[in-house]
Structure formats: C-alpha cells, structure tokens
Amino acid sequence: MFADGSARGRIALATTLASALALAACSTTGDSAKPASASSKSEQSDKKFAATPAGEPVFASTYKPFPNVATAIRGATVYDGKGGKIENGVVFMSGGKITAVGGPDTPIPADIAVFDGAGKFVTPGIIDIHSHLGDYPSPGVDAHSDGNEATSPTTPEVWAEHSVWPQDPGFSRALANGGVTALQILPGSANLMGGRSVTLKNVPARTMQGMKFPGAPYSMKMACGENPKRVYGNRGRMPSTRMGNIAVNRETWLAAIDYANDPKAKRDLAKETLVGVLKGEILIQNHCYRADEMALVLDMAKEMGYKVAAFHHAVEAYKIGDLLRENDVCSAIWADWYGFKMESYDGILENAAFLQREGACVVIHSDDQNDIQRLNQEARKAQMAGLRMGMNIPDATVIQWITYNAAKAMGIADKTGSLETGKMADVVLWNGDPLSVYSRPEKVWIDGALMFDAMNPKTRPVSDFELGQPGEGDVK
Amino acid sequence: MKTLLTLAASALALSAPAVAQDVTITNARVVIGDGSEPISGGTVVVQGGRVVYAGPASGAPAGGTAVDAKGAWVTPGIFATVTTLGLADVSAVSETNDITASGTPFSAALDASTAINPTSQHILVHKAAGITRAATSLRPSGSIFGGQGAIIDLDGDANPVVQPRAFQMISLGEGGAAQAGGSRPAAHALLRAALREAQAIAGGKSGIPETTEIAKDDEVFLSRFDAEALVPVVTGKQKLYVDAERMADIRAVLALKNEYPKLDLVLVGATEGWLVAQDIAAAGVPVIANGLIDLPETFEQLGATQSNAGRLARAGVKVAINAATLQDPRRLQQVAGNLVALTKMPGATGMSWGQAFAAISSVPAEISGMGGKAGVLKPGALGDVVMWTDDPLELGSVPTQVWIGGVRQDLTNHQTRLRDRYKDLDESDRPKAYDW
C-alpha cells in the first residue's frame, strides 16, 4: 500500500542541492570571464548534471496581472457564483482583487472608475473545465493536432501545456463572446491516462507560461469506454474491451504504488504524475459517459487510493446522482449533446437538473471551441429542462455551474470562481441577463484588468495568426 | 376470440395513419414566419391539413377543435436545412449510418429518399424540438458528389419523404479537393467533366463523346449512372447545393453560371460569404449560411464571423441558417436567437427577430422549393404549427404542441421515456427496469 511520501521528499531535498550546484557549474564553464562560483571544485565534479528535482515548479507561470485601475460597477444584478444574487448591487475591485461586493449602499471611493450597471448583470468570470484550445487550435490542420499522444494507452508523462499554442484564435473568442476568464486544457481521450492538464488564465500571451494560472494544481486526464478500446483495439493491442480498459488502468496504478514505495526508484515522469494523484496533489478529470462505468471507476479509485474530481461528458450521470453525491464527485456535462456515439445514446436534457435534485455537483463544460463561447446559454438550456419537470433551480445556482463549481473541480476555488472579497477580480459585465440568448458580455476583467470591452474595438485581442488576414479585428 | 379481435383492432388503430383534424388556435402570439413581427392575441385556423388563416382574431373563420393558447407563442414549424435526419441512428456506429458511403462506386446517383427511417430517434427528438420538415442530405464521401437529398417531414408516419431528389449536394473547396484527388482544380475538372457528360446525355450538346465512367485505379469518381443522375442538375430541374466556404471558392461557384446557365445554385456554408455578399446578391443565389462559426477552423474560413448571415441578408441575399455545422439541428432556434443578440453589439450585424425566425422557417422552405407551403402560416400552407413554452428563439423554449400537416403529434421519444423513468432514483420496490 502506498503510504510513505516522506522518503521521496528527502530525496527531493538532496537533489535540489545538487541542482543548484549544477547550475553554478554551468555558468562557470559557460563564461570564463566571470568570477568562479563559490562552490568547491570537488563538489562540481561529484554532481555535474542534474535536473530540477521532481516536485519543484518547472515550466512555471510567468503570468502577472496587467495594469488595472480601481473599478466599481454599480446598479447591476450581481450573481456571486456561489448561489447568491444581489439586486441593484455593487462590485468593487482594486489591486486586481475583489474589494467589496454588496447592495446599493456598499461604499465606493470617490476617485475610481464607476460603471453604471443598470439593466446589466455581473457574474464571476466564466470557467470552462474542459477545453482543448491551444492543443487542438484553429486552424485545425494536422500540423496543429497536438491533443492526443495516441501511441500508448497510458501516457501520464505528457503534459497538455507542452502542446498549447498561445496564438489559437479560440482563446479570444471564448473571452469576447463567452466571458471565459479561466479554462482547463485537457489532453484528449484516446488514452486511458492521457496526461496532465493545465489551467490557464484566458489572457493573450506569447508563451503558454504567460497564460498559466498561478498556483493551480495539475489534473490528470483519464478516459473510460469507447475511445481507448477503439484506438488500441484497432491496432490489435490491449485494451480492446472495457474490461481491458480497467485491467490496464489497475496494472498501471499498481506499478505507480510500487514506485511510490521505492525510495531508490529512478525518476519516471509517468509515475511522478500518478504518484501526484495518489498524494492528492494532482486531481483526476475522468472522461466517462456511462453510469455503470462511472461506478466502476469509483471502485477502482477506492481500491488504489485516489479520488476523482469530476466525470466529464457524464451524459448518464443522472442515473447515479445519489452515488455521485455520496462520493463528492462533480459531473462536467453538456446541456444537450446526445446520440452521436453509442455511449452518448441515453443523453437527456434533464441531466443537470436531476443531478441538482440529488444534491450532486454540476458543472457545464464545452469540449468545443464554439460551445465555450456560450456556456451561459448551455447552462440555461439545462435549467429550463428542469423547470419543465417542476424543478425551479434559481438563476444564481445555474451561474454557479459555470463559475464556482468549475473552479472547485479544478482546485482553484480559493482563488477565483466567485465574487468574494480577496479573490481574483475575474469579472464579467453582461449587457443583459446572462441566461438569455439575447445577452452578450460587454466587459471582461481578469485580475482587475479590462481585457475585453465590446464598446471599444481596440480592447479585443487579435492573435498573431489573424494579422493581415481577412477579417482581422472584426467583431467575430 | 373476442379478445383477439380487440387486440387486432387496437393494433390496426396504432398503425393507421393519423387523420388531420380541423383546429382553431386562439389567444396566441402568432408568428407568420415571413419575417414580420409577432401578432399578439392572434388566431390560427387549420382545416383539411392546411392553414386557412393566421392573423388577428378579427377576421378568422370559425371551425374545428378550439385550442386556447393562453398567450403562448404559435409559429410555423421549424424548417431545418441542411440535415442528416433519418439517415443515421448513431453517427459513430457505422452500421447505423447511411450518410456516407466511401465504399460505393456511385456518387451523384445516390438517393437519400431510399433510406429515410421515419422512426429514427433523431426524427422523434427533433419533432419534439419543433422541427416539422427538413432537407436531409447525403455527405460527399467518395467523390465531390454527395448524391441527391430529400425534403422530409418529421411526423414519423410511413411516408416521410415529401420531395425525393430535391437537390444534388456537392463539395468544393478543401473538402471537394480532398474527394477529387487532392486539389481544387481536380474538383473543378471533375465537376465540369461530369456536367459535360450530363449535357451529352441530356442531348443538349451533340458530338461530345459519352464515357462510361471517370475513374482512377480502383476509385470511380463518376459512373455512367451518376452522370445520368446529373441531367436534372445541368438542365436546371434539380437544385445544386454547393458547399463552399472561401471567398474565392464562392466566386468560382457563381462563375459556373456562365458555363452552365441553367444551374439552380444554392450555396451551403459560405463562411466568407460576407466578403462577396454583393456578388452573391447580384447572382440571385440563396445561401444556407453558417450562423455562429467565427473561428478560422480551416484556411478557407479565415474571415469567419458571426455577422456573416446578417451581412449577407443586409446585402439582399436570401439567407437560411445552416443546420449542418451545429451539434444538432435542434440548435437552429438558439443560433437564430444569437443573431438577434448581435444587433446590440457595436460593429456586428445581426438580424431582427422576425428576420432571424424566417431564416429557420420560411426562407429554408423557399430554398428547398417549398415556398408558401412550409415554414409559414399563410393560407394554403401545410398545417405545420408549433405552440411553444416561451419565445421560440429563447433558450430552453420547447413545443407544448406540434401539428404536422394538421395532425397533432405525439412528442414521446427515447429521451422523454428516460426522463420519466429517472425523475427519481427510487428502486425500493423494484429495479428501474420495471418502471415504464
């Protein structure tokens, strides 16, 4: 049984030291004009080469909030993302953080920018827990197909962030039309274990690191069902069946547990990801359509000692809302996708509402470069299906499905996903009820910086790819 | 014996075609579907399966079953184009999928009307979403020619095909290039060779040798049978739907009229149509336009914008919203609603409510050759009427009642049955399998 994390911790400490020395050695040999480093020659010859140790930040975020001015929105209907609604509310942000949220009497300093929100609505920035932007960017040519390392059924060693193309024009559409301020980029579902996800701030950047959400935990993507067994079964290798899927998963987890318990094991990128999951540092995002398969995964997770954060594309979640509530697992779902593959055959419009009825966690996701622009609309469709069944789910709760609940399942709910004092000022001002088809984001702030303004054509990101092309800078 | 007879009678009743009943719907927010704005307190009268009146309450003839709409929206049924309704049960399950056939030597001759399954769950689900008629099409898979699409109704009875072989579907641009062997010139050469064959068969041009087929190695691009199927296209008796996205590809399609003046062209997709809107308008070619595609998903869609449909319409082009690029055709209403939303966005071009609704009702019907017969509540039109829970372009608005050809429809389907079974998770007495 996996238990001993401390042994690996000690190894990590020892390696940190070696790595610092290696860097020093490098600078010495690289430029003889510079003074020699303080480290002794004997130390240098002992440990000449060493990578940054496992667990240390690598490919670290370089994102810094953009300059912002203290801003307040007054007189709007405010959904706080955690189920609260304030009529004629005030949202005040300064220093990149939410400073105050409240009713009309909430004090606002005299010398700041104030927007009249009368007739408008404010929500937290919308969050998509399931996106492939950057990994499957536009244009979707083969040369850009970087979302599935479909060469082995388990590839926990790959990281989605290494495929992200920051110039994907899809990011700006999600911002401008969808009010999306944070999103999780997942590897595809060809593999049982597809690799690590990355959570991004939806800000334009020259590098992935410039978008990387500071302090967000990694997740690992897993996939049930048809895709892995089809991809590998067609190549005459395991898995070719659902039982093969589970068997390969279990063997892989057992090997990871052995690795975790072996302080002398050589570094293994795949197993480092799996051990991160066993330690609870890396979350599991599990593509799984069918109810019976979700139940199997929950038992496998118990057997191996990890937790599933969310089932994605869980079109049959409504059949086991009780089980999902008991296991504290979110269901990341579409409002109306159904019937395009066998495991989606039982998709119904009431999926989200029936989960809500059971007290289970609902997240509306996109998995799509177009639907990510309309998560608010998808959430509304799911809400209305419930209403027809006599379930009156409040609008504020429905907004929670695409804000706080997504943040929770991504492990960033302490930073964003709701309008609470001290959190990141990720805010959308809508020109009308965000649950109406007739409304659009008017302004979007990320960490308090105005990153999109429908009223100002120049406050609209245009990716490198779009420059000099037909429709550059168009409303899109 | 008596029991047996009763059973037989009831089985007959189930299978007998439903009969249209005369109905008068009053107190409705009536949408004619022709682009005009809704009429409050309106009346719709359907007799003998046809609309006889739709408009203000005064002036409506009496007769038939009275239905009080209690202020609800009443509209013509949605007319969906281009769809694959009735051609697949589960698109990713190949044995259920009749949309493509890459293994056949035939292309233009393929006829969708031979395969429509009226009880497909997609038809039943989409009827429950307010779609009453649709253009359903095969997708080019072994040649640039997809084959002949049909106009269908969604009433689920034994005769779903309203108009067989209503149009030929071809793909130009990147898709056509791939099908034709790898380039746009290859697609255009194949198209011209095929149309020349068809002309020769039609007798329009003497002296052109007729070939038996156009093929390379084992792959047949056009058989004699296919060339014969293109005769109605080249003589203008069958519409030619051309899937093209790039501005230059659209221009090339419009130019076909110079060589083949009788072609009855319809553009499908036309993502960059707004860049050549004046040319399209001048040519009088209608467009089944992508509504919300706003990303350069391919190099032929670099100019993609949600304002495409609105800008085309503003230039005078007849524009319907394309269902083919949606997750499902039942999202047409949502797309139309989004086009209305654009009217509030600086720099964007959207549509008025009436115009947007027409783009999913009367306009696609007109493009499909059913102008005045479907997608509109005008005297003489088919009695396709939908009563809604809310503004039909608003999210989550669904039909409460649907009539097709004057016949009140049952809206039950696989999804509603699952919904009813799982309205709770109570299995204390018996498993869910006994709950039906």
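Residues numbered from 1 in each chain as written. Chains lettered and ligands numbered in written order. Predicted model: local features only at pLDDT ≥ 70, side-chain atom pairs only at ≥ 80, totals over all residues.

A closer look at the overall build of chain A
Okay, step 1: Per the secondary structure count, chain A includes twelve helices and 17 strands.
Okay, step 2: Computed over C-alpha atoms, the radius of gyration of chain A comes to 24 Å, within 12% of the 23 Å expected from 2.2 N^0.38 for 476 residues, which places it in the range of a compact globule.
Okay, step 3: Over its C-alpha atoms, taken along the principal directions, chain A stretches across nearly 70 × 60 × 45 Å.
Okay, step 4: Scored against the burial criterion, the 476 residues of chain A give a buried share of 54%.
Okay, step 5: Put simply, of all contacts in chain A between residues at least 6 apart along the chain, 69% involve residues at least 24 apart. (Helix = DSSP H or I, 4+ residues; strand = E, 2+ residues; numbered from the N terminus. Rg over C-alpha atoms; globule rule 2.2 N^0.38 Å. Buried ≥ 20, exposed ≤ 12 C-beta atoms within 10 Å, placed from the backbone. Contact = placed C-beta atoms within 7 Å.)

Quick notes on the domain arrangement of chain B
All names here are of chain B.
Okay, step 1: Partitioning chain B into structural domains gives domain 1 (15–76 + 375–436) and domain 2 (78–370).
Okay, step 2: Taken together, the contacts link 28 residues of domain 1 with 29 residues of domain 2.
Okay, step 3: Those elements that provide at least two residues to the side of domain 1 that touches domain 2 are strand S17 (399–404) and helix H13 (414–421).
Okay, step 4: A per-class count over the side of domain 1 that touches domain 2 returns 14 nonpolar, ten polar and four charged. (Domains from an automatic or database assignment. Nonpolar A, V, L, I, M, F, W, Y, C, P; charged D, E, K, R; others polar.)

Some remarks on the sheet that holds strand S6 (residues 126–131) of chain A
Residues and elements named next belong to chain A.
Okay, step 1: Strand order in the open sheet formed by three strands is S6-S7-S9, with mixed pairing between adjacent strands. Only two strands of the sheet have a single neighbouring strand rather than two, namely S6 and strand S9 (198–201). In this sheet, neighbouring strand axes are inclined to one another by 20 degrees on average, regardless of whether the strands run parallel or antiparallel.
Okay, step 2: Judged from the four bridges that link them, strand S7 (residues 180–185) and S9 form a sheet pairing that is antiparallel. Bridge assignment links alanine 182 to a residue of S9, and that residue is lysine 201. (Pairing = 2+ DSSP bridges. Axes fitted to C-alpha atoms, helices over the stretch in contact; angles between N-to-C directions.)

Section: the packing of helix H5 (residues 242–261) of chain A against helix H6 (residues 269–278) of chain A
All names here are of chain A.
Okay, step 1: Close contact between H5 and H6 brings their axes to 9 Å; oriented N to C, the two are set at 85 degrees. With respect to H6, the element H5 is oriented roughly perpendicular. Residues Trp253, Ala256, Ile257, Tyr259 and Ala260 of H5 pack against Lys271, Leu274, Val275 and Leu278 of H6. (Parallel < 35°, antiparallel > 145°, perpendicular 65-115°, else oblique.)

Digging into the interface of chain B and chain A
Okay, step 1: Listed as interface residues are 41 residues of chain B and, on the opposing side, 45 residues of chain A.
Okay, step 2: A total of five residues in the side of chain B that touches chain A trace back to one element, the largest contributor, which is helix H10 (residues 332–341) of chain B.
Okay, step 3: Class assignment for the residues of the side of chain B that touches chain A results in 19 nonpolar, 15 polar and seven charged.

Section: the sheet that holds strand S10 (residues 219–223) of chain A
Residue and element names in this part refer to chain A.
Okay, step 1: Spatially, S8-S10-S11-S12-S13-S14 is the arrangement adopted by the six strands of the open sheet, whose pairing is mixed. Because the sheet does not close on itself, it has two edges, and the strands there are strand S8 (193–196) and strand S14 (361–364). Each neighbouring strand pair of the sheet contributes to a mean axis angle of 20 degrees, computed without reference to strand direction.
Okay, step 2: When strand S11 (residues 283–287) meets strand S12 (residues 310–312), the two strands line up parallel, connected through three bridges. Each bridged residue has a counterpart across the sheet, and for histidine 287 the counterpart in S12 is histidine 312.

Some points on helix H7 (residues 291–304) of chain A
Owing to its 3.6 residues per turn, the α-helix brings residues three or four apart onto one side.
Residues and elements named next belong to chain A.
Okay, step 1: Taking 1.5 Å of rise per residue, the 14 residues of H7 would be expected to cover 20 Å, and the 20 Å separating its terminal C-alpha atoms lies within 8% of that figure.
Okay, step 2: Of all the residues in H7, the buried ones are Ala291, Glu293, Met294, Val297, Leu298 and Ala301. What you see down the axis of H7 is that its buried residues fit within an arc of 155 degrees, all on one side. Residues of H7 that are exposed and point more than 90 degrees away from the buried face comprise Asp292, Asp299, Lys302 and Glu303.
Okay, step 3: Check the buried side of H7 and you find it contacts S11 and S12. (Expected span 1.5 Å × (residues − 1). Arc of directions from axis to C-beta.)

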